Amino acid sequence: MEKRLLLAEDDELLSSLLKYRLTKSGYIVDVVINGKQVKEYLVENTPDLIISDIMMPYMSGIELIDYVRNTLNSSLPIIIISSAGNEENVLNAFEMGANDFLSKPVSPPELLIRVARVLKNVPV
Amino acid sequence: MIILNHIFTSIAPKIGVNFLWVLAIVFAIVALLYIGITFYAKSNITLGVKRNKIKKRELGPIVSEFLFFDEKTASLEDKNNYVCLKIKIRQMLKNKRNRKILAEVLVELSQDLSGETLKSLHKLYKDLGLDNDALEKLKSWRWHTISQGIVELTQMKVTDSYNKITKFVNGSRGVIRKQSVIAIVSLKDEGINYFLDTTQHKISEWQQLKLLEILQNKKNYNPPSFKNWLFSKNVDTVLFALRLVKHYDQSDANSSIVQLIRHKNSQIRQVAIQCVSEFNVVEARESLKKIFNTSTNDTKLLIIEALESLGFAEDVQFLNTIENRKEVFAVKNKALVAINSLLPENHLEIEGLEDISAVLIQKEDKKPLNPLEVTVTPRTEIEKDLTSAIDQLTDDTDNVPIVNDIAETDLLTFTIDDTIDVVTEVAPIDDDKHLEFIKFLETKKETPKEAPNTVYFNVSESSSTSKKEPENLINNSKEALPDSVFKSLYDGCDTEAKLILLDEIGALGDEKELQFVLSLLNAPEIEISKKAASVKIIIENRLSVIAEQDALEENATSKLINKNPNLQEELNARYTNTTKTITPIKPTLVKELKPLELCFLEEEEEKTEEDVFGFFDINFILSEEFYKDNCN
């Protein structure tokens, strides 16, 4: 069964490239570009994994984790993408319940490995 | 009024109404044209941005397709698609605008990607010939176009452009110059060498930091020996080279750095001093001392800091001269810190300390120290007995002549070593008087005039005193009390300290302190007299409790004497012989008086009764272990 991923990234070029690579690896990828769209998407859909940039319009990655964990009360796995030198945010993300993180500039093969690993660890 | 009207009408030009209408229409048309052109330009730009965005969305997947195409794993369908995309993109690239957008897409993506994907992106950029466009930009007369070209070529790692960019390194336009330096250092490892060799302009702090960051991010970078640029004609090059030497720990440049300590530029001096300190160049100490006077205060601080880390004891003299010279506070203070670091505890500041020793000396100048004035604070029963024995011998201190004047017949003999032992064991070590006493005993030990191993204690000027009963002796000692130890301290204090001292007297004081406190009741300061009154009450209360305890003990002793008449005889015999060494009382008697601690000690060590109960004998040494076990 194909896994459905939600990619929340405001940089359209990067999201397009990552979507292409993830789709090529067999995942179904839905892309949203801001926090509002994330909320709207999560009301109607339940992805297997969320990949989110930590800096997004309307809702940051940290707020997204908080929303998923506390408002939706979901244990949905979340991978955070953050810029280099943003360690404090990464630590906050882990404290809030992020499952993994990836730093920019992103290496698409590394992302694939992390996605696979996080999905593998998710309890069925 | 009429005249003014006439003047104005004669000066004012005669303009026709039609002309004014024409003028108004022309201005209106110009205004409309301006507004129209502005709106057109704005909408054009917005449209252009929208088109670019659409084009980028269109190009994004194509770029992804190119980047992630793997000929080995691709199916036939994928290969066909790839060929079709190639044709499509070649068609697109014929349009200059599309080429520009594609270059922008690739440059943007290069900032967000890493690893193999980034390398593929660089390769794609070159394969599509977009680097030629960037190189063309370098030929532009516009500075921002040239700058864009340099940034693009640097971002996409077009190393072939290195030589073309180097010609901007010493260009007249600052922005292009800085951009080109970053580009050549990023593109090739030897870029930093070329820059340091050729640059004639100032290298700003920001630029230095940026270049250092680029060098740090280079993988497998083998830095050149930066000492080669330490004597460049460009002062900024020297400074930057020094910083690079320091950053890469190139200690082979030590001799050059030592020379740079004498550089006229204070910034270079400072970095050189930091290097010398970091590389532990001990031979630089003399140079550091020589340049000290001609340096700024900041440099002086660094010099002292360097001497602190590199220096030896012989450098303290130089630091002392700084401390005594007319320098700013920070420099002098730093010198003091360095001195204390090189020779710890050697240089002690005494200006801020109160000289209490002077007070004591003054006191003792008036009245020479009499070793018999030593007061012993009893800690155990044994000590108490021992102390009372000594007190009996020294009861009337006012009448005690100086030791040298004592008649041979009035002496009671003790061995000096034993006496020292008794005093050191019984007395608090930090008591000045006791230390003086011990010193005195030591001198007696060394003086050939005195009988060896003999110290003379004056029992009394009259033999009658020596024949007194023990109780009387004790009473006499109470009548003539020496000054309180607090008195000398009290004399050197201010009112606040005196009040604190009175509190302490209240907590610790005995008869001596009571006398001292009584003398303070009429002190001129009301606070002190009030405090003295309250302290007096506290001491009196405590003394009355002690007196009650003593009375109880005396009753018990008299009962024992009644039981054993030998005791009284023993004591009488002991005090009637003035030259006799104090002898132990009979064990049979003392056995009943011995302290509980001693009983335990006896049990432990299984000593004979003679050994254990000879505590009235002064010729013994109390071991340290005894005090450790019993007196803590």
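## Description of the overall build of chain A
Helices and strands together make up the secondary structure of chain A, namely 5 helices and 5 strands. Reading chain A from its N terminus to its C terminus gives the helix and strand order β-α-β-α-β-α-β-α-β-α. Across chain A, contacts joining residues at least 24 apart in sequence account for 60% of those joining residues at least 6 apart. For chain A, the computed accessible surface area is about 6200 Å², with 50% contributed by carbon and sulfur atoms.

## Describing the overall build of chain B
When helices and strands are tallied, chain B shows 33 helices and 2 strands. Across the 632 residues of chain B, 40% fall into the buried class. In chain B, 68% of the contacts between residues at least 6 apart in sequence involve partners at least 24 apart. Only carbon and sulfur atoms are counted for the fraction: they give 55% of the accessible area of chain B, which is about 37300 Å².

## What to know about helix α1 (residues 12-24) of chain A
Residues and elements named next belong to chain A. Taking 1.5 Å per residue as the helical rise, α1 with its 13 residues ought to reach 18 Å, and the 18 Å between its terminal C-alpha atoms agrees with that figure. Those residues of α1 that fall on the buried side of the exposure criterion are L13, L14, S15, L17, L18, Y20 and L22. In this structure D11 caps α1, since a side-chain oxygen of it lies 3.2 Å from the backbone nitrogen of L13. Of the residues flanking the end of α1, it is G26, one or two places downstream, whose phi is positive at about 105°.

## Looking at the interface of chain A and chain B
It is common to give the size of an interface as the accessible area that goes away when the parts come together. At the interface, 15 residues of chain A touch 18 residues of chain B. Of the roughly 1400 Å² buried where chain A meets chain B, counting both sides, 59% is carbon and sulfur surface. On the chain A side of the interface with chain B, the three residues burying the most area are L13(A), L17(A) and Y20(A), jointly 42% of the side's total. Counting across the chain A and chain B interface gives 1 salt bridge.

## With respect to the pattern of salt bridges
Residue and element names in this part refer to chain B. Under the counting rule described, the total for this entry stands at 26 salt bridges over all chains. Of the charged contacts, one joins E205 and R243 as a salt bridge, the two residues approaching to 3.2 Å between their closest N and O atoms. Of the two residues, E205 sits in helix α11 (residues 205-217) while R243 sits in helix α12 (residues 235-247), which places them 38 residues apart along the sequence. The shortest N-O distance in the salt bridge between E286 and K289 comes to 3.4 Å. One end of the pair is E286 and the other is K289, both in helix α15 (residues 285-291) and 3 residues apart, which spans about a single turn. On the basis of relative accessibility, which here comes to 44%, the residue E286 falls in the partly exposed class. Salt bridges sharing partners connect three or more residues here, namely R285, E286, K289, E314 and D315.

Definitions and cut-offs
Residues numbered from 1 in each chain as written. Chains lettered and ligands numbered in written order. Predicted model: local features only at pLDDT ≥ 70, side-chain atom pairs only at ≥ 80, totals over all residues. Heavy atoms only, no water. Helix = DSSP H or I, 4+ residues; strand = E, 2+ residues; numbered from the N terminus. Contact = heavy atoms within 4.5 Å. Areas by Shrake-Rupley, 256 points an atom, 1.4 Å probe, with all protein chains shown as cover. Buried < 20%, exposed > 50% of the residue type's maximum accessible area, 1.4 Å probe, protein only. Expected span 1.5 Å × (residues − 1). Polar contact = N/O pair within 3.5 Å; in protein donor to acceptor, adjacent residues only side chain to side chain. Buried area = accessible area lost by both parts, 1.4 Å probe. Salt bridge = Lys/Arg side-chain N within 4 Å of Asp/Glu carboxyl O.

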